[in-house]
Amino acid sequence: MNSKKVIFKALDRYITSSGKRVLKKVAAPAIKQGTFDMVDEPKGEYFTAGFGKEIMLPDDIKEHKYYIAGYKSNNPAKGVIDPQYAHALWLDDNSGRGGVLMISLDAVGLLNKDVNTLKQGLADFVRITGCRNINVFCTHNHAGIDTMGIWGMLPFTGRDPKFMKIVFDAAKSAAFKAYEDRREGSLYYGSIEVPDMQEDIRLPKVYSKALTRLRFVPNDGTREIFWLNFASHSESLQSCNSLVSADFPCYLRERIRESGGTETIYGVGAIGGMISMEIENEDLLRKENRLLESTRNIGRKLGEYALSITNEKKLSPKINFIKQEFMCQADNLVLTMACRAGILKADSYGFEQAPRKWALKTEMTYYEIDSLKILFLPCEIFPELVYGGYLSADESAEGRSPDINPTPLVEIAGDENLLIFGLANDELGYVLPPNDFLLDRNAPYLDRAVDRLGRRHYEETNSLGPKTAAAIADNFAKMMATVKEAKKELSIK
């Protein structure tokens, strides 16, 4: 029996027995069904919006050890190319219910426990502004400082308390700046297909090529605000990098800012499975240490696409939403142990329904801004779970039918243009279709499995387990049923 298998067996026994003991002390909390905060008709002619940003960068990066969050553990930052930022967007439909706040972090991800800490730090902001909902999403930046913990010198966490305070403080500062910057104006929604910038390195070849833009145009003629969404890992500097950067989103925002000072808040879409930016002559650029040059070009090219969008629709000032917390069973022993050991800062609960008796509490939020539907997901979801296009039984890892997969999210929403923001309010890792989910038999979640067709299954090792996809789809279906019922009741009134 190999050493990894011995480790796995020990972990399996510990987690199962610990789960039973802890179940009596920290049982999964009761979760309330969310309600749909809605108005039927706009109360005014304009939105109110504001933008704020703040640098997230330690002043002792050359003296203190901060770890780069990507690819490999124990990769201390050796300097800075460009700073990480917290960006914030204040948006109010002027219905009298209060505005909403969007925060985008140049970070690999933020676990739900840290998101809740960040939101608690915004209590005075909520009190002063009347803010009724906050979403925190990350650009999944693999050239930033570790905000999750798994890229340190294992078995110790790579998550540094000083840097986390910098992140929380920057987010709060950006939020207040956005509120102070607010002005009335119009909001426009448009998109453009980007045919030549992404790559999908795992079958099926399914992903969104749309670069989506919400553009706020203030009535006073001052600078505009872009809220962008695109499906790609922010990892163009790759594994050979040891310098802090925001990766290509930095240069995307830089290019857009050159156009009349427009500011940008950016988020990623369905990037699991695995969607990244395609790099021409990648091997040569890596050999010649020119990946920074290509990263700048990638960001600026995507910025050009963002500036070229012309198919805009003006949105009426109406923002309705529903937030729903739910439990995800944690089958991944390695991640569960990392939580128990404090490497990952997440609360795990005893959960009798799960085979290993463990689960994590997470959340997702659904928005309707006029006719635009947005879903904030706490993960890196495989695009086929959103858009359809599952592998057939013949194509799948073990010959399993796609019938065991959940209904694609666009079908649940009844809208093929459902806009996905991933890594929002949590980071559960990859979420995969059950019919192509494969684990190594000897060391599941430790070794990458190889299927009957010779394909390696890496993403499973960084997932909670095969049940997560159904948990998301089932809870989203319940949310949409609540939305439908709320609209029905309002129409009767």
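Please read all numbers here as calculations on a predicted model, not as lab measurements. (Residues numbered from 1 in each chain as written. Predicted model: local features only at pLDDT ≥ 70, side-chain atom pairs only at ≥ 80, totals over all residues. Heavy atoms only, no water.)

Asker: Before we move on, could you go through the overall build of the protein chain and cite the residues and values that matter?
Answerer: Within the protein chain, the secondary structure is distributed over 11 helices and 22 strands. At 22 Å, the protein chain has a C-alpha radius of gyration in line with the 23 Å of a compact globule built from 493 residues. Taken along its principal axes, the extent of the C-alpha atoms in the protein chain is 70 × 60 × 45 Å. Taking all 493 residues of the protein chain together, the buried fraction comes to 59%. Look at the contacts in the protein chain between residues 6 or more apart in sequence, and 81% of them connect residues 24 or more apart. Carbon and sulfur atoms make up 49% of the accessible area of the protein chain, which amounts to about 19,900 Å² in all. (Helix = DSSP H or I, 4+ residues; strand = E, 2+ residues; numbered from the N terminus. Rg over C-alpha atoms; globule rule 2.2 N^0.38 Å. Buried < 20%, exposed > 50% of the residue type's maximum accessible area, 1.4 Å probe, protein only. Contact = heavy atoms within 4.5 Å. Areas by Shrake-Rupley, 256 points an atom, 1.4 Å probe, with all protein chains shown as cover.)

Asker: For the pairing of strand β5 (residues 133-138), give the residues involved together with the corresponding values.
Answerer: A large share of β5 lies buried, amounting to six of its six residues. Side-chain alternation along β5 places N133, N135 and F137 on one buried face and I134, V136 and C138 on a second face that is also buried. In terms of strand pairing, strand β4 (residues 100-105) meets β5 through six bridges, oriented parallel. Residue pairing in the sheet places M102 in a bridge with N135 of β5. (Pairing = 2+ DSSP bridges.)

Asker: So what's going on with the nonpolar core? Which residues, and what values?
Answerer: One finds L101, I103, L105, L118 and L302 to be the most contacted residues of the largest nonpolar core, which totals 56 residues. Top element by residues in this core is helix α4 (residues 161-180). It accounts for 11 residues. If we skip the residues at most four places from it in the chain, L118 touches I103, L105, L110, V136, F168 and A171. Of all hydrophobic cores here, the second largest spans 42 residues; its members include W358, L375, I412 and F476. (Core = buried A, V, L, I, M, F, W, Y, C linked by side-chain atoms within 4.5 Å.)

Asker: Kindly report on helix α7 (residues 291-307), identifying the contributing residues and their values.
Answerer: Along its 17 residues, α7 runs 24 Å from first to last C-alpha, staying within 8% of the 24 Å computed at 1.5 Å per residue. Along α7, the positions that sit buried rather than exposed are L291, S294, T295, I298, G299, L302, G303, Y305 and A306. Looking at the buried side of α7, the elements it contacts are β6 (183-193), β8 (210-218), β9 (225-230), α5 (248-257), β12 (275-277) and α6 (282-287). (Expected span 1.5 Å × (residues − 1).)

Asker: Can you explain helix α8 (residues 333-341)? Please cite residues and give values.
Answerer: If you check which residues of α8 are buried, you get L333, L335, T336, A338 and C339. Its side-chain oxygen placed 3.0 Å from the backbone nitrogen of V334, N332 serves as the N-cap of α8. Of the residues flanking the end of α8, it is G342, one or two places downstream, whose phi is positive at about 85 degrees. (Polar contact = N/O pair within 3.5 Å; in protein donor to acceptor, adjacent residues only side chain to side chain.)

Asker: A description of the side chain of S396 should follow, citing residues and the corresponding values.
Answerer: Residue placement: S396 occurs in the loop between α9 (383-387) and α10 (409-413). Look at S396 and you get buried, because its relative accessible area is 0%. Once you skip the residues sitting within four places of it in the chain, S396 turns out to touch L391, N435, D436, R452, L453 and R455.

Asker: So what's going on with the pattern of salt bridges? Residues and values would help.
Answerer: All told, the structure shown has 38 salt bridges when counted by the stated rule. Across the salt bridge formed by R132 and D37, the nearest N and O atoms sit 3.0 Å from each other. One end of the pair, R132, is in the loop between α3 (123-129) and β5; the other, D37, is in the loop between α1 (3-23) and β1 (47-56), with 95 residues separating them in the sequence. Each of R202, D436, D451, R455, E459 and E460 takes part in a single network of salt bridges with overlapping partners. (Salt bridge = Lys/Arg side-chain N within 4 Å of Asp/Glu carboxyl O.)

Asker: Account for the side chain of S104, naming residues and giving values.
Answerer: Locating S104 in the fold gives a position in strand β4. A polar atom in the side chain of S104 sits 2.6 Å from the backbone oxygen of Y266. Beyond its immediate chain neighbours, meaning those up to four positions away, S104 contacts Y85, A86, H87, F137, T139, I265 and Y266.

Asker: Would you mind going over the environment of E193 in detail, with residue names and values included?
Answerer: Within the secondary structure, E193 sits in strand β6. A residue is classified by how much of its surface remains accessible, and E193, at 54% relative accessible area, is exposed. As for E193 and K357, which are separated by 164 residues in sequence, their C-alpha atoms are 44 Å apart. Once residues within four sequence positions are removed from consideration, E193 is found in contact with K209 and Y305.

Asker: Please provide a residue-by-residue account of the packing of helix α2 (residues 112-120) against α4, values included.
Answerer: Running from N to C, α2 and α4 point in directions that differ by 50 degrees, and their axes come no closer than 9 Å. Considering their axes alone, α2 and α4 lie oblique with respect to each other. When you trace α2 past α4, the crossing you get is right-handed. Along the contact surface, α2 presents D114, T117 and L118, while α4 presents M164, F168 and A171. Grouping the amino acids of the contact of α2 with α4 by side-chain chemistry returns four nonpolar, one polar and one charged. (Axes fitted to C-alpha atoms, helices over the stretch in contact; angles between N-to-C directions. Parallel < 35°, antiparallel > 145°, perpendicular 65-115°, else oblique. Left-handed = near helix turned anticlockwise from the far one by under 90°. Nonpolar A, V, L, I, M, F, W, Y, C, P; charged D, E, K, R; others polar.)

Asker: Describe the pairing of β8, listing the residues and the values that go with them.
Answerer: With seven of its nine residues buried, β8 lies for the most part within the structure. Note: β6 against β8, nine bridges, orientation antiparallel. By the bridge assignment for β8, Y189 is matched with L214. Alignment of β8 against β9, held across five bridges, turns out to be antiparallel. If you follow T212 over to β9, its bridge partner there is N229. Between β8 and β9, which pair antiparallel and follow one another directly, the connecting turn spans six residues, one of which, G221, has a positive phi of 80 degrees.

Asker: With reference to specific residues and values, describe the packing of aromatic side chains.
Answerer: A complete count under the given rule lists 14 aromatic pairs for this structure. A centroid spacing of 6.1 Å and a plane angle of 75 degrees characterise the contact between Y430 and Y458, whose relative ring orientation is edge-to-face. Taken together, the positions of Y430 in strand β20 (residues 430-431) and Y458 in the loop between β22 (456-457) and α11 (468-492) put the pair 28 residues apart, joining distant regions of the chain. Judged by relative accessible area, Y430 falls into the buried class, the value being 5%. Taken together, the aromatic side chains of F137, W227, F321, Y367, F376 and F421 make up a single cluster linked through ring pairs. The ring of Y179 has R182 lying over it, and the distance from NZ or CZ to the ring centre is 3.7 Å. (Phe/Tyr/Trp six-rings, centres within 6.5 Å; stacked < 30°, edge-to-face > 60°. Lys NZ or Arg CZ within 6 Å of the ring centre and 35° of its normal.)

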